[in-house]
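Here are the chains, one letter per residue:
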Amino acid sequence: MIIKKDEIIIYTDGSSLGNPGPGGWGSVLLSPGKKVIELGGREKESTNNRMEMTAGIMALKEIEKRKIKAKIIKIHTDSSYLLNGITMWVHAWVKNNWKTKAEEDVLNKDLWENLYKVSANLSHKYEIEWVKVVGHSGVHLNERCDAIATSFSANNTTILFTGNLKDYEKLFGKIKDEKSKVVVKNKSKKKNTSEAYSYVSEVAGKVFADKTWDICEKRVKGKSGAKYKKVFSKEEEQDLIAEWTLKSLF
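What counts, and at which threshold
- Per chain, the residues get numbers from 1 upward, laid out in the order the sequence is written.
- Given that this is a predicted model, residues contribute local features only at a pLDDT of at least 70 and side-chain atom pairs are listed and counted only at 80 or more, while totals for whole chains, interfaces and linings are drawn from all residues.
- To get the side-chain values, all heavy atoms of the structure are used, and hydrogens and water are removed first.
- Two strands are counted as paired when DSSP detects at least two bridges linking them.
- For helices the rule is a DSSP run of H or I covering at least 4 residues; for strands it is a run of E covering at least 2, with both sets numbered from the N terminus onward.
- Each salt bridge in this description consists of a side-chain nitrogen of Lys or Arg and a carboxyl oxygen of Asp or Glu lying within 4 Å of one another.
- Exposure categories follow from relative accessible area, calculated using a 1.4 Å probe and restricted to protein chains: below 20% of the type maximum is buried, above 50% is exposed, and the middle band is partly exposed.

**Q** Explanation requested: the pairing of strand β8 (residues 206-210) in the structure shown.
**A** Along any regular strand the residues' side chains alternate between the sheet's two faces. Examined bridge by bridge, strand β7 (residues 198-203) and β8 share five bridges and lie antiparallel to one another. Across the sheet, the residue bridging to Val200 is Ala209, located in β8. From the end of β7 to the start of β8, which pair antiparallel, there are two residues, and Ala204 there has a positive phi angle of about 55 degrees.

**Q** Would you mind showing me how to read the pattern of salt bridges here?
**A** Counted by the stated rule, this structure contains 10 salt bridges. Note that Lys74 and Glu7 form a salt bridge whose closest N and O atoms lie 3.5 Å from each other. Here Glu7 lies in strand β1 (residues 7-16) and Lys74 lies in strand β4 (residues 72-77), a separation of 67 residues in the sequence. We classify Glu7 as buried; its relative accessible area is 6%. For Lys99, the salt bridge identified is with Asp105, shortest N-O distance 2.7 Å. With a relative accessible area of 26%, Lys99 lands in the partly exposed category. Overall, the relative accessible area of 43% leaves Asp105 in the partly exposed class. Three or more residues are tied together by salt bridges with common partners; here these are Glu62, Lys65 and Arg66.

**Q** Quick question: what am I supposed to make of the environment of Ile215 here?
**A** Tracing the backbone through its elements, the reader meets Ile215 in helix α6 (residues 213-220). Each C-alpha atom of the pair Ile215 and Tyr199 lies 8.9 Å from the other, and the pair is 16 residues apart in sequence.

**Q** Please explain the pairing of strand β3 (residues 35-46) as it appears in this structure.
**A** Across nine bridges, the pairing between strand β2 (residues 21-30) and β3 is antiparallel. Counted as the bridge partner of Gly21 is Ser46 from β3. Counting the residues that bridge the hairpin from β2 to β3 gives four residues, and of these Lys34 lies at a positive phi of roughly 60 degrees. Of the strand pairs in this sheet, β3 and strand β6 (residues 162-164) are connected by three bridges, and their pairing is antiparallel. Across the sheet, the residue bridging to Ile37 is Thr162, located in β6.

In structure tokens, the structure reads:
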């Protein structure tokens, strides 16, 4: 894998058994000096979204602590909730004192405040770029983060690696250049004809997921402003629910 001398590459992932339930998170950092640092941890009771956020926070705090010399931080996540929150919705939350338009505390306010703070501090020294990847699609370091997060959530013994890239690749296989694995959101407009996993809808600001079209149709039919979308996997369902839920807060 080619690591540019002015870039820090980060991959993150989170997991929870039960959602809420036992949670785990994992991060992999690659520094310009070809050093690899794995991070991970566990919480007895958490959610998948909180673990996704924790993975990003802890990775950025590790850079802050180590004062790694670089110009750019590229942080990769398969979570639309995390990516959309930190790149778009967080600015409105800060302006509104971490309240929604209904004057309620933003969900996971403690972690959003933490992530915003560490990102703001690092932005004085680095350009931070968030990159969306597709989970469970063979992206090497995303799969490794998933394995770390899943292992911690299951409370299994997990050995985290710290060392050089050459030794890391001996243990976990050759890592392809990350540019070939970056996924551009909405890149393909080709219609998916596979069997639906569920139907996600939004009616009057509330987001629903129905297993059949009949139920979804009854929910949205005749409702002004209602929208719906067919999704083809649990991950796509969770991402869309998170995205529409966030949008409904403003």
